[in-house]
Amino acid sequence: MTTDQTVHALSETWRVAARVAALLPRGGVVALHGDLGAGKTAFVQGIARALGVSRPVTSPTFTLVGEHTGPGGRLIHMDLYRMAGPDDLLAIGFSEYIESGAIVAIEWAERAGDLIPPDAVRVAITLLPDRAARRIQVTLPEPLDDGEQRTPIPQTP
Ligand SMILES: Nc1ncnc2c1ncn2[C@@H]1O[C@H](COP(=O)(O)OP(=O)(O)O)[C@@H](O)[C@H]1O
Ligand SMILES: [Mg+2]
């Protein structure tokens, strides 16, 4: 399922992010896409706020990874913009973070290719031409195996 919303202020980005945070299971991954300046870090700040993280969340550009903890849980914030190659993912312990049970938010997620789990929430942000507005598309994964019967089986009379 994809939702599409246009935001005009940071507070609106944070509101969308808080809604996504509320849907995340333990260990949920948020894969963020969008050009430089689109508002990916702002979105991660919104997730952090929703988890009650009090310290400011800035882009972990040089280390690639930042760790934050709030009353709502632990947040791993990755920014893969300066990633030089796949070895960097190994070096930062990418897979260990994904499996750690913390919420993991990843800017420039496309650089991790298919290491992004298939059940990640995808967030694509686009700066609109008037530059005061941004489009945020959120794609939630199909419920993979929630045991729910979706297609009713026809009852034989
Ligand atoms: N919805 C928004 N409304 C107004 N300003 C925003 C919004 N989202 C981001 N910004 C601002 O735009 C700039 C770039 O945002 P940032 O999140 O750092 O982009 P990215 O991480 O995608 O490069 C920052 O100054 C940020 O505060
Ligand atoms: Mg950023």
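Structural data are supplied above this passage.
Throughout this description, residue numbers start from 1 for each chain and increase along the sequence as written. Note on labels: chains are lettered from A, ligands numbered from 1, in written order. Confidence filtering applies because this is a predicted model: local features only for residues at pLDDT of at least 70, side-chain atom pairs given and counted only at 80 or more, and all residues used for totals across whole chains, interfaces and linings.

Chemist: So what exactly am I meant to see when it comes to helix α1 (residues 10-23) here?
Modeler: Each α-helix turn comprises 3.6 residues. Residues three or four places apart therefore point the same way. Strands here mean DSSP runs of E at least two residues long; helices mean DSSP runs of H or I at least four residues long; both are numbered from the N terminus. Given a helix with a known number of residues, its expected span is that number minus one, times 1.5 Å. Here α1 contains 14 residues, and its C-alpha end-to-end distance of 20 Å stays within 8% of the 20 Å for a straight helix at 1.5 Å per residue. Remark: C-beta atoms are placed from the backbone, and a residue is labelled buried if 20 or more other C-beta atoms sit within 10 Å of its own, exposed if 12 or fewer do, or partly exposed between those counts. Burial in α1 covers these residues: Thr13, Trp14, Ala17, Val20 and Ala21. Buried residues of α1 fall within an arc of 120 degrees about the axis and therefore sit on the same side. Across α1 from its buried face, at more than 90 degrees, point the exposed residues Ser11, Ala22 and Leu23. Within this analysis, the arc is defined by the directions that extend from the helix axis to the C-beta atoms.

Chemist: I'm lost on the pairing of strand β4 (residues 73-79) in this one. Help?
Modeler: Both faces of the sheet carry side chains from a regular strand, because those side chains alternate between them. β4 sits mainly inside the fold: 5 of its 7 residues count as buried. Counting the residues in the hairpin turn of strand β3 (residues 65-70) and β4 gives 2 residues. In terms of strand pairing, β4 meets strand β5 (residues 103-107) through 5 bridges, oriented parallel. Bridge assignment links Met78 to a residue of β5, and that residue is Ile106. Should DSSP find at least two bridges between two strands, the strands are regarded as paired.

Chemist: Help me understand unusual backbone geometry, please; the structure alone is not making it clear to me.
Modeler: It is generally the case that most residues other than glycine have a negative phi and that most peptide bonds are trans. The residue Leu64 is not glycine, and still its phi comes out positive at about 70 degrees. Residue placement: Leu64 occurs in the loop between α2 (40-50) and β3. Even without glycine at this site, Trp108 takes up a positive phi of about 55 degrees. Following the sequence through the fold, Trp108 ends up in the loop between β5 and β6 (121-127). Given 20 C-beta atoms within 10 Å, Trp108 falls into the buried group.

Without other data, these values stay purely geometric and don't point to any function.
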